[in-house]
Amino acid sequence: MNKRLLKNLVVIRVIYIVLAILVAAIFAALIAVIATLITEDIETIVISCLAGIWIAEVILYIARCKITFNKRMKAIVEVDESKIIKKKNNLIKQYVISTVVFALVLGFTVYNLKDGIVTDIIGGTSSNKTESMNENWLIIKIGIVIILLVILLIRLRARKRYKDKMVNETAKQNL
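Just so it is clear, the structure is predicted and the values come from calculations on it, not from any experiment.

Novice: When you look at the overall build of the protein chain in this model, what are you seeing that I'm missing?
Specialist: The number of helices and strands found in the protein chain is four helices and zero strands. Its helices and strands in sequence order give the protein chain the pattern α-α-α-α, from N to C terminus. By residue count, 18% of the 175 residues in the protein chain fall in the buried class. Contacts in the protein chain between residues far apart in sequence, at least 24 positions, make up 67% of those at least 6 positions apart. Total accessible area on the protein chain is roughly 13500 Å²; 69% of this is exposed by carbon and sulfur atoms.

Right, dumping it as structure tokens:
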């Protein structure tokens, strides 16, 4: 891979991460202000802030998938218009599945943060008792991370094969 291209990809990812953090912080602040005007229950405020963060991040992820989808469709149209319907359907399936997985994992993570945040705000005398760390949950979480890493590796391998195939087809067409 070209060093300049790799550098650009890394910069784009870093910018996306920073923007995602800023959007999450802004949504949490706005929802916290609105929630404090409505109620004084700390648990309700925390839950509404976490739900706002979850919604904002899922919307950002959907927007990112839409932008990436449009860029890939332009590249497919330029290279090979004969297989555009099949590739378009495959891309749509990929983005829908990745968005659903992202939303579920982020939702599960955000939901697990609720008890810790409420306990930190209220203090140790809270009526909400948080569960101690269960080794079974830890194993399940590690398993989910391993499965997601395997999926990422499979996607990277498929992307590399696709790029190699496109390069070979382009080389054959040029001959």
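Having seen the model, we can carry on.
Novice: Where do I start with helix α3 (residues 84–122) in this structure?
Specialist: Counted at 1.5 Å a residue, the expected span for α3 with its 39 residues is 57 Å, and the 56 Å between its end C-alpha atoms agrees. The largest bend in α3 amounts to roughly 30° and is located at K114. Turning to α3, its buried residues are K87, L91, Y95, S98, T99, A103, L106, V110, K114 and V118. Residue G123 follows α3 closely and has a positive phi angle near 110°.

Novice: Quick question: what am I supposed to make of the nonpolar core here?
Specialist: Side chains that are nonpolar tend, in soluble globular proteins, to be buried together. In this structure, Y61, C65, F69, M73, I76, L91 and Y95 together form the largest nonpolar core, which totals seven residues. Residue assignment for this core shows that the elements contributing at least two residues are α2 (42–79) and α3. Counting residues per element, this core draws most heavily on α2, at five residues. Judged by nonpolar contacts, the second largest core, of five residues, contains V46, L50, V110 and V118.

Definitions and cut-offs
- Residue numbers restart at each chain and count upward from 1, following the sequence in its written direction.
- Given that this is a predicted model, residues contribute local features only at a pLDDT of at least 70 and side-chain atom pairs are listed and counted only at 80 or more, while totals for whole chains, interfaces and linings are drawn from all residues.
- Side-chain metrics rest on all non-hydrogen atoms present in the structure, leaving aside hydrogens and water.
- Under the DSSP-based scheme used, a helix requires at least four consecutive residues in state H or I and a strand at least two consecutive residues in state E, with every element numbered from the N terminus.
- Exposure categories follow from relative accessible area, calculated using a 1.4 Å probe and restricted to protein chains: below 20% of the type maximum is buried, above 50% is exposed, and the middle band is partly exposed.
- Here, two residues are considered to be in contact whenever any of their heavy atoms come within 4.5 Å of each other.
- The protein chains shown are the only cover counted for residues, whose accessible areas, like all others here, come from Shrake-Rupley with a 1.4 Å probe.
- By definition here, a helix of n residues has an expected span of 1.5 Å times n minus one.
- For a residue, the bend is simply the angle between two axes, fitted respectively to the seven-residue segment ending there and the seven-residue segment starting there.
- Throughout this description, the term nonpolar core refers to a set of buried Ala, Val, Leu, Ile, Met, Phe, Trp, Tyr and Cys residues connected via side-chain atoms within 4.5 Å.

That's the geometry; what it means functionally is another story.
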